[in-house]
Amino acid sequence: MSSAWLSTASDARMLSMSIASSETSLDMLPVRRGESVARELAGRPLFRYVDERHAKEVRHPGPVFVTPTPYQPDELQTYLALTGWPAARTFVLRLDPLKLSSLRGPRWCDVGIGVEYILLRGYEPEAVIDPDGAVEIR
C-alpha cells in the first residue's frame, strides 16, 4: 500500500458523505463558501500543484482545481489526472479554505482516483498560506 493510496483513502473516509461521483458535472455541484469547506476539512489546507514556472503565483482568476490530499510529484497523474502543463508539477501552493469565496466539490477526479474541489473564482494572495508562493515537493 502506498502512502498516496492511504492518504486518499483517509480523505475519502473523512469526506465520504459528501464526495460526488466523477460523472457529476461541474454545474451539478452546489456552490459553497470557504467557511463550509474549512469545517469539512477540519482546518486542513487545499493543495494546488504547479510547475516551477508557476511557483510564485499567488493569484489566479479561476477556475482552479485543487485537492485536500498531499501527493508526491510522480503520483499526481495517477491520482489527479492533471492536464495542461508539459512540465512536472514539483511545487505545491497551500491554500486556506477560509479565505476562498466560491468552491464546488468535493468530487472524485475524472479519470484519476483522487478527490478534487473547484475554485470557481480562483484565489487571491490572502488565501496562499506560504507568503513566498509554492514550496517544492519531492
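For the structure given in this document, a descriptive report is provided here.

Calculation rules
Residues numbered from 1 in each chain as written. Predicted model: local features only at pLDDT ≥ 70, side-chain atom pairs only at ≥ 80, totals over all residues. Heavy atoms only, no water. Pairing = 2+ DSSP bridges. Helix = DSSP H or I, 4+ residues; strand = E, 2+ residues; numbered from the N terminus. Buried < 20%, exposed > 50% of the residue type's maximum accessible area, 1.4 Å probe, protein only. Salt bridge = Lys/Arg side-chain N within 4 Å of Asp/Glu carboxyl O. 1 Å grid on protein atoms, 1.4 Å probe; cavity = no way out; pocket = protein on both sides within 12 Å on 5 of 7 lines; lining within 4 Å. Points joined across faces, edges and corners; volume = space filled by probe spheres on them. Nonpolar A, V, L, I, M, F, W, Y, C, P; charged D, E, K, R; others polar.

### Focus on the sheet that holds strand E2 (residues 46–50)
Part 1 of the argument: Here three strands make up an open sheet; going across it, the order is E2-E4-E7 and the pairing antiparallel. Edge positions in the sheet fall to E2 and strand E7 (135–136), since each of these pairs with one other strand and no more.
Part 2 of the argument: Across two bridges, the pairing between strand E4 (residues 91–95) and E7 is antiparallel. Of the residues in E7, the one forming a bridge with Phe 91 is Glu 136.

### Quick word on the pairing of strand E5 (residues 103–108)
Part 1 of the argument: Most of E5 is tucked away: five of the six residues are buried.
Part 2 of the argument: Across two bridges, the pairing between strand E1 (residues 31–32) and E5 is antiparallel. Bridge pairing links Arg 32 to Leu 103 in E5.
Part 3 of the argument: Note that E5 and strand E6 (residues 115–119) share four bridges and pair antiparallel.

### As for unusual backbone geometry
Part 1 of the argument: A cis amide bond links Gly 62 to the next residue, Pro 63, at an omega of -5°.
Part 2 of the argument: Along the chain, Pro 63 falls in the loop between E2 and strand E3 (64–66).
Part 3 of the argument: With a phi close to 55°, Ala 42 is a non-glycine residue in the positive phi region.
Part 4 of the argument: Checked against the element boundaries, Ala 42 lands in the loop between helix H2 (34–40) and E2.

### A few points about the pattern of salt bridges
Part 1 of the argument: Within the structure shown, the criterion is met by nine salt bridges.
Part 2 of the argument: Between Arg 94 and Asp 130 there is a salt bridge, with the nearest N and O atoms lying 3.0 Å from each other. Placement of Arg 94 in strand E4 and of Asp 130 in the loop between E6 and E7 is noted, with a sequence separation of 36 residues between them.
Part 3 of the argument: A salt bridge links Lys 99 to Asp 96; its shortest N-O distance comes to 4.0 Å.
Part 4 of the argument: Judged by its relative accessible area of 46%, Lys 99 falls in the partly exposed class.

### What to know about the layout of surface pockets
Part 1 of the argument: Of the volumes computed, that of the largest pocket is approximately 390 Å³.
Part 2 of the argument: As for the largest pocket, its lining consists of 18 residues, and the residues nearest its centre are Phe 65, Leu 80, Leu 82, Thr 83 and Arg 89.
Part 3 of the argument: Among the elements of the structure, E2 and E3 are those that each provide at least two residues to the lining of the largest pocket.
Part 4 of the argument: In terms of residue class, the lining of the largest pocket is built from eleven nonpolar, three polar and four charged.

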